[in-house]
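Fold and contact review
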Amino acid sequence: MTLPVITDTSARVTLLAPGCFSTVAQQEEGESRNNGSQAPIDQNDAVAVQNSSQCYEQALAVALQQPAASLGELPIAQYRYFFETGASAPAHCVCADLVHLQADKDNARLLPFAALSVSHDESSALIESVNQLINPDQLRVEETCNGHLYLCGMPATSLDTWPAHAVANGKIANYLPRDSQAGDWRRLMTEVQMLFHDHPVNTARVAAGQLPINAMWFWGGAKSNAVPTDLDVVLIAEDTYASGLASQLNITLVPFKEFKWEASKGHVIILDTTVYEAWLSGDQEKLNHQKMNLLTQWIQPAQQAVANGHISEFTLDGCEGQSIIETPKSSTVSYARSFRIKDWLKARISKKSQKNTAKAKK
């Protein structure tokens, strides 16, 4: 591991790593480490802090000192669409995710697109069918080069659904459009489900032993609530929402491969969604692999920078209600200690945070 050399001792590093507190296989405990360059376990002080963020989009907004919208009022489509297409989002534009809804007695569980192994041909055929259904009403579904889908033409003022990823693997009854004026959205979701029920794509998937794509989940169509900022911030991210927001706020954006620890100053915010994407896919082996990458690429270098006094603070935020803050060791604080990755993944989630996470995953 290459150790960071940071000359600005007032620099702070915040790592937004959704999914980093999720369960991993036991073999991670016994995996070998390059301890020669890792901060000793008691070298930094650390404390777990509760926060109100329930998804990474909210956590990023808070880190950038922006208003933290509720999960049903996130302006995701506006920022993503702009970054992915280079054009301003249509006046009415919402995110549209192909999903599988698994029914039970009185509810349904949402399985996200990432867990369904959907081919481009399959998604294209489904989108074409949806457009044949809605084009007469001056609505359309667009797909960008990044593979994201957007429903354009329908006002989202009453659409208060949570992000599909925030309710992934959880029951959805409480997260469907609830606003009293959201009848059109509820009807559209039902019409799409009926369209997909016996669609040739799903007939072939079921015959092949795959789950059908039986619904489209609409969310994230709120208008921008960004406020001007003059923060001394560098954002390290490759997520398209984060990139679009950085462009809106005129914040320096650096891709992962171009980031250099020695150039860090001010507040460095890193958004790494690779662990979260692995969790959404349901691939446990990939999840373990991405957790170890997170450790070696970001966590260990930041811990070492704190221990060496090169940065004043390192915050690991799991984007689910809790973060862990490390600062240089203080001799007056005997109870605090540095956290290793296995500690973060075990007992450092508060009961409140666990309840918040379970709320969307029951």
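Basis of the calculations
- Residues numbered from 1 in each chain as written.
- Predicted model: local features only at pLDDT ≥ 70, side-chain atom pairs only at ≥ 80, totals over all residues.
- Heavy atoms only, no water.
- Core = buried A, V, L, I, M, F, W, Y, C linked by side-chain atoms within 4.5 Å.
- Buried < 20%, exposed > 50% of the residue type's maximum accessible area, 1.4 Å probe, protein only.
- Contact = heavy atoms within 4.5 Å.
- pLDDT = per-residue confidence, 0-100.
- Phe/Tyr/Trp six-rings, centres within 6.5 Å; stacked < 30°, edge-to-face > 60°.
- Helix = DSSP H or I, 4+ residues; strand = E, 2+ residues; numbered from the N terminus.
- Patch = residues over 30% accessible without salt bridge, like charges linked within 9 Å, V, L, I, M, F, W, Y side chains within 5 Å.
- Areas by Shrake-Rupley, 256 points an atom, 1.4 Å probe, with all protein chains shown as cover.
- Salt bridge = Lys/Arg side-chain N within 4 Å of Asp/Glu carboxyl O.
- Expected span 1.5 Å × (residues − 1).
- Axes fitted to C-alpha atoms, helices over the stretch in contact; angles between N-to-C directions.
- Parallel < 35°, antiparallel > 145°, perpendicular 65-115°, else oblique.
- Nonpolar A, V, L, I, M, F, W, Y, C, P; charged D, E, K, R; others polar.

Among the nonpolar cores identified, the biggest contains 102 residues, and Leu-60, Leu-151, Trp-217 and Phe-218 are the most heavily contacted of them. With sequence-adjacent residues up to four places away left out, Phe-218 is seen in contact with Val-94, Cys-95, Ala-96, Leu-151, Leu-159, Thr-161, Trp-185, Leu-188 and Met-189.

We now examine the confidence of the model for the protein chain. The predicted model of the protein chain averages 84 in pLDDT, with 83% of residues at 70 or higher. Below a pLDDT of 50 lies the segment residues 331-338, which in the model reaches 19 contacts outside its immediate sequence neighbourhood of four places, other chains included. When the criterion is pLDDT under 50, residues 345-362 qualifies, and its contacts beyond four places in sequence or with other chains add up to 41 contacts.

Here we come to the packing of aromatic side chains. A complete count under the given rule lists eight aromatic pairs for this structure. Taking the centre distance of 6.3 Å and the plane angle of 75 degrees together, the rings of Tyr-56 and Tyr-276 count as edge-to-face. Taken together, the positions of Tyr-56 in helix H2 (residues 56-63) and Tyr-276 in helix H8 (residues 274-281) put the pair 220 residues apart, joining distant regions of the chain. Residue class for Tyr-56 comes out buried when judged on its relative accessible area of 10%.

A cluster of nonpolar side chains, Phe-82, Phe-83 and Leu-253, forms an exposed patch at the surface whose accessible area comes to about 240 Å². Relative to the helices and strands, Phe-82 resides in helix H3 (residues 76-85). Under the relative-accessibility criterion, Phe-82 is labelled partly exposed at 33%.

Relative to the 21 Å expected for 15 residues at 1.5 Å per residue, helix H5 (residues 183-197) spans 21 Å between its end C-alpha atoms, a close match to the ideal helical length. In this fold, the buried residues of H5 make contact with strand E3 (93-103), helix H4 (120-134), strand E6 (149-152), helix H6 (200-207) and strand E7 (215-219).

Turning our eyes to something else, we now look at the packing of H3 against helix H7 (residues 240-249). Remark: H3 packs on H7, axes separated minimally by 7 Å, with the N-to-C direction vectors making an angle of 85 degrees. The angle between H3 and H7 places the two elements in the roughly perpendicular class. Residue-level contacts link Ile-76, Tyr-79, Arg-80, Phe-82, Phe-83 and Glu-84 of H3 to Thr-240, Tyr-241, Ser-243, Gly-244, Leu-245, Ser-247 and Gln-248 of H7. Here the contact of H3 with H7 is composed, by residue class, of six nonpolar, five polar and two charged.

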